[in-house]
There are 2 protein chains.
Amino acid sequence: MTYRLANVTSTALLTDQYELTMISAALQAGTADRTCVFELFARRLPDGRRYGVVAGTERFLDALDEFRFGDDELAVLKEILDPDTVAWLADYRFTGDIDGYREGELYFPNSPILTVKGGFAEAVVLETVALSILNHDSAIASAAARMVSAAAGRTVIEMGTRRTHEQAAVAASRAAYLAGFTMTSNLEAHRTYGVPSGGTAAHAWTLSFATPDGSDEKAAFRAQIDRLGVGTTLLVDTYDITQGVKNAVEVAGPELGAVRIDSGDLGVIARQVREQLDSLGNPNTKIVVSGDLDEYAIASLRAEPVDSYGVGTSLVTGSGAPTAGMVYKLVEVDGIPVAKRSSHKESHGGEKRAVRAARGSGTITDEIIYWADTPRPDPDSIGLKGKVLTDLQIPLVRGGERVAGLPDLHDAREHLARGLVTLPWEGLGLSHGEPAITTRYVNEPTAR
Amino acid sequence: MTYRLANVTSTALLTDQYELTMISAALQAGTADRTCVFELFARRLPDGRRYGVVAGTERFLDALDEFRFGDDELAVLKEILDPDTVAWLADYRFTGDIDGYREGELYFPNSPILTVKGGFAEAVVLETVALSILNHDSAIASAAARMVSAAAGRTVIEMGTRRTHEQAAVAASRAAYLAGFTMTSNLEAHRTYGVPSGGTAAHAWTLSFATPDGSDEKAAFRAQIDRLGVGTTLLVDTYDITQGVKNAVEVAGPELGAVRIDSGDLGVIARQVREQLDSLGNPNTKIVVSGDLDEYAIASLRAEPVDSYGVGTSLVTGSGAPTAGMVYKLVEVDGIPVAKRSSHKESHGGEKRAVRAARGSGTITDEIIYWADTPRPDPDSIGLKGKVLTDLQIPLVRGGERVAGLPDLHDAREHLARGLVTLPWEGLGLSHGEPAITTRYVNEPTAR
């Protein structure tokens, strides 16, 4: 068996089988072309979170471009589906329209993050891949944004590749960069998305210089500097940290770029190392800390002399919320608003629009959701006198074609940075609580 | 931009940059070919877990086959690395040996799950991709095995694709099948790994039959049965469950295969639905439940008339432990045992072997780790009189070539099923506690 991703030339099987059995039944029933609107949204934020960050939209559009059933895919599906459905899939290409929140936009419960309009069959089949991508990438970006806020301007480096699926890691690195991380260790993310990458050495590097007579940390440091220059970062905690710092400065001199500490009580050690570096004549040598950091640990180090944080596990696992919990729901069929009425899973029928209200200062206060067949609300008429409303959805796909000039990863990163500033002050806190702003519906119709 | 995985023909950049800067420095320092042994292991199990399940070994070997730096990869690396290193990478292929636990083997803290032997440079560079794959797949398989145990013989269906990265989902489906899940919703896992797949319909299906006069659940059920036959599973909770069951039986008759319930208090509802089905003359119609199930929810439904469980979010996120936390550590250099001495991250130097001790009944009691340059311990001499020791490592790669006839996914699935039966009874419980057996070291040498 070869590594199978090498064979992936289509994203069409990244799909739950029931999407295709529904298409099959719809083709027979004559309902495959009913005009439908699906909305992708999160019913709630992860426990205690104040906001979410939309991420993955561009990756979804990339996946949509490759969402084609070629001969290889059809060969598999012939064993599951009837010939009519297989023939329909062979010709599949999405011909409808998609609108959505920008990547890097804040979202809140029920924000209509993506709206997919088209025939029932062509639109329902995108459910799985759209959710996979947005649920993953938004979970990572939402956690990452909190870490960046907690770092309060200090550098945050993504180094979580080894703690998650090898391809998820690439997307996680992208999402972290979107959310304001400075760089990544992940080379594929650097190649694919242009995320700045970096890296120097692991504990294995220092250990690899062991001799029959014992360890030789200085030889390891010297060899690293010989190749990477004194501006490199030396990992000083393989053996004894105090000795490690001493060795590092002896070998590198006053121009040593940084030391990294990957274990122990990072706050205490950072202070000791800072004093030691200063006393050895290395006031400009920076301190990088890593090792099981999350947004809370980052914040707790705010008063310590730490220059950069390396974040791994907690980033790629969404810091307790590894999925954003978004759903993809049919809300309208041939102009009729529809909604499930299962307990605890009610949704709101009908195609919706969303605007966000802000004070003159820029601070946001409300998200307003209204129905696409009703006029954009006037702030005065909904108790938001003097506030500015901003539209949240942009056209992404028209007639199956991606709209030209959509925001890219760098735009998304800037958009989020601007968006975070608009949160009410408590919304940027790490403490658990309610969403930073409330979402309100205006003029809801009755769903069937 | 196209969906970038379509362009992946190499796994070599699924790697942290520091692996390559270490190679660069080692080439210059003359240490690149020092004979090294790296071990991959977990320092501990996720909080309260009694055992872990090794998964991902075959995927790692697949990735190793494609771990080559081609022109596309080298073009990126030329901007980061010196020409000597780029030239070395152009010729890269792993030439060493790899041993490891079988896929589907149980593991415990410090079990040497994978042992990679080769030159420093050729072996260190595999760290990231080995860890990504094993950390992800083992986390999913470990959670999945608990769910299968909790289901106590009932069918468990993997339907978590939409809740995780689109490619991680494929691996998660594979890991779930390895751990005993019955089938998956994921078509790519069916294609790539031959995991049995299934699926019928979503709430959107029923909603799509809405008319201007209201919903028409019966029309939806009728259309589904027309295509998929009366043996299909009808989703009965889009509107009112009692009415949904009534409609389902009216339309499908006594041969209806199953009904699915995706919301509400599943235990109470399953009982009501069972009674209703029986009273309507459908004693053979099965009940499938889904909706935020984890191993605890599955266990809590053990006394209820549930035939199948559909599991999504908790499976693909490892049920609270989305990564296995495994590390890849240099343990030996030119025959010298080496170990980091950082606080809380001590490791044991030297290449190791592992055996598991079992009573005559088959129940396992201890895992014994000994050093590769010492003889396999005699049970009598280590207080295990009368117990049987089984070797845990098998050769996976020799001289860079994959060993022929390695266990496949189906073998791994069977191996785990046999292995779970050997756990002490408390080890199969869901309650938090210590690892089911203890790991002991015999005759440890002193590391440098």
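Residues numbered from 1 in each chain as written. Chains lettered and ligands numbered in written order. Predicted model: local features only at pLDDT ≥ 70, side-chain atom pairs only at ≥ 80, totals over all residues.

Side note on the overall build of chain A
Filter applied, for reference: Elements are defined by DSSP. Helices are runs of H or I of four residues or more, strands are runs of E of two residues or more, and each kind is numbered from the N terminus. The exposure label follows from counting other C-beta atoms within 10 Å of a residue's C-beta, where the C-beta atoms are placed from the backbone and the thresholds are 20 or more for buried and 12 or fewer for exposed, leaving partly exposed in between. Residue pairs are scored as contacts if the distance between their C-beta atoms, which are placed from the backbone, is within 7 Å.
Tallying secondary structure elements over chain A gives 15 helices and 19 strands in all. Counting across all 448 residues of chain A, residues that qualify as buried make up 59%. For chain A, contacts bridging at least 24 residues in sequence account for 71% of all contacts bridging at least 6.

Looking at the packing of helix α1 (residues 17–29) of chain A against helix α10 (residues 217–228) of chain B
Note the threshold: Here an angle of 0 to 180 degrees is reported between the N-to-C directions of two axes, which are lines fitted to C-alpha atoms, with helices fitted over the stretch in contact. Oblique is the label for any angle not covered by the other classes, which are roughly parallel (under 35 degrees), roughly antiparallel (over 145) and roughly perpendicular (65 to 115). Three categories are distinguished: nonpolar for Ala, Val, Leu, Ile, Met, Phe, Trp, Tyr, Cys and Pro, charged for Asp, Glu, Lys and Arg, and polar for the others, with Gly belonging to the last.
Running from amino to carboxyl end, α1 of chain A crosses α10 of chain B at an angle of 105°, the nearest separation of the two axes being 9 Å. Relative to α10 of chain B, α1 of chain A is oriented roughly perpendicular. The segment α1 of chain A lies against α10 of chain B, with T21, S24, A25, Q28 and A29 of chain A engaging A223, Q224, D226, R227 and L228 of chain B. Its residues assigned to classes, the contact of α1 of chain A with α10 of chain B comprises four nonpolar, four polar and two charged.

Let's talk about the relation of the copies chain A and chain B
Both copies of the chain are related by a screw-like operation: a rotation about an axis and a shift along it. What counts here: The least-squares superposition of copies is restricted to C-alpha atoms, and to residues with a pLDDT of at least 70 in both copies.
At an RMSD of 0.0 Å, chain A and chain B line up after a rotation of 180° and a shift of 0.0 Å along the axis. Taken together, these values place the two copies in the relation of a two-fold axis. Of the interface residues in chain A, 100% have counterparts in chain B that sit at the interface too, so the contact is made through matching surfaces.

Some words on the interface of chain A and chain B
Taken together, the contact pairs 99 residues of chain A with 99 residues of chain B. Element by element, the count of residues in the side of chain A that touches chain B is highest for α1 of chain A, at eight residues. Considering only residue class, the side of chain A that touches chain B consists of 40 nonpolar, 39 polar and 20 charged.

Structural notes on the sheet that holds strand β16 (residues 388–391) of chain B
Residue and element names in this part refer to chain B. Convention followed: In short, DSSP must find at least two bridges between two strands for them to pair.
Read from one edge to the other, the open sheet built from four strands follows the order β16-β14-β15-β19, with strand pairing classed as mixed. Where the open sheet ends on each side, the last strands, each with one partner, are β16 and β19 (438–442). Along the sheet, successive strands turn relative to each other by an average axial angle of 30°, direction set aside. Pairing between strand β14 (residues 352–358) and strand β15 (residues 364–371): seven bridges, direction antiparallel. Bridged to A358 within β15 is I364.

Things to note about the sheet that holds strand β7 (residues 183–184) of chain A
Residue and element names in this part refer to chain A. As summarised here, the arrangement of the six strands in space is β7-β6-β11-β10-β9-β8, forming an open sheet in which the pairing is parallel. In the strand order of this sheet, the two ends are held by β7 and β8 (233–235), each with one partner. Direction of pairing for strand β6 (residues 155–158) relative to β7: parallel, over a ladder of two bridges. Residue pairing in the sheet places E158 in a bridge with T184 of β7.

What to know about the domain arrangement of chain A
Residues and elements named next belong to chain A. Condition: Where each domain starts and ends comes from a domain assignment, either automatic or drawn from a database.
Taken domain by domain, chain A comprises domain 1 (4–140 + 324–355 + 393–436) and domain 2 (146–320). The C-alpha-based centres of domain 1 and domain 2 are spaced at 37 Å. Taken residue by residue, the interface counts 18 residues in domain 1 and 21 residues in domain 2. Secondary-structure elements contributing two or more residues to the side of domain 1 that touches domain 2 are α6 (127–151) and α15 (409–421).

What about α1 of chain A?
Turn by turn, an α-helix covers 3.6 residues, leaving residues three or four places apart pointing in a common direction. All names here are of chain A. Selection rule: What a helix is expected to span follows from its residue count: subtract one and scale by 1.5 Å.
Counted at 1.5 Å a residue, the expected span for α1 with its 13 residues is 18 Å, and the 19 Å between its end C-alpha atoms agrees. Within α1, burial applies to Q17, Y18, E19, L20, T21, M22, I23, S24, A25, A26, L27 and A29. Two residues or fewer past α1, G30 is found with a positive phi of approximately 80°.

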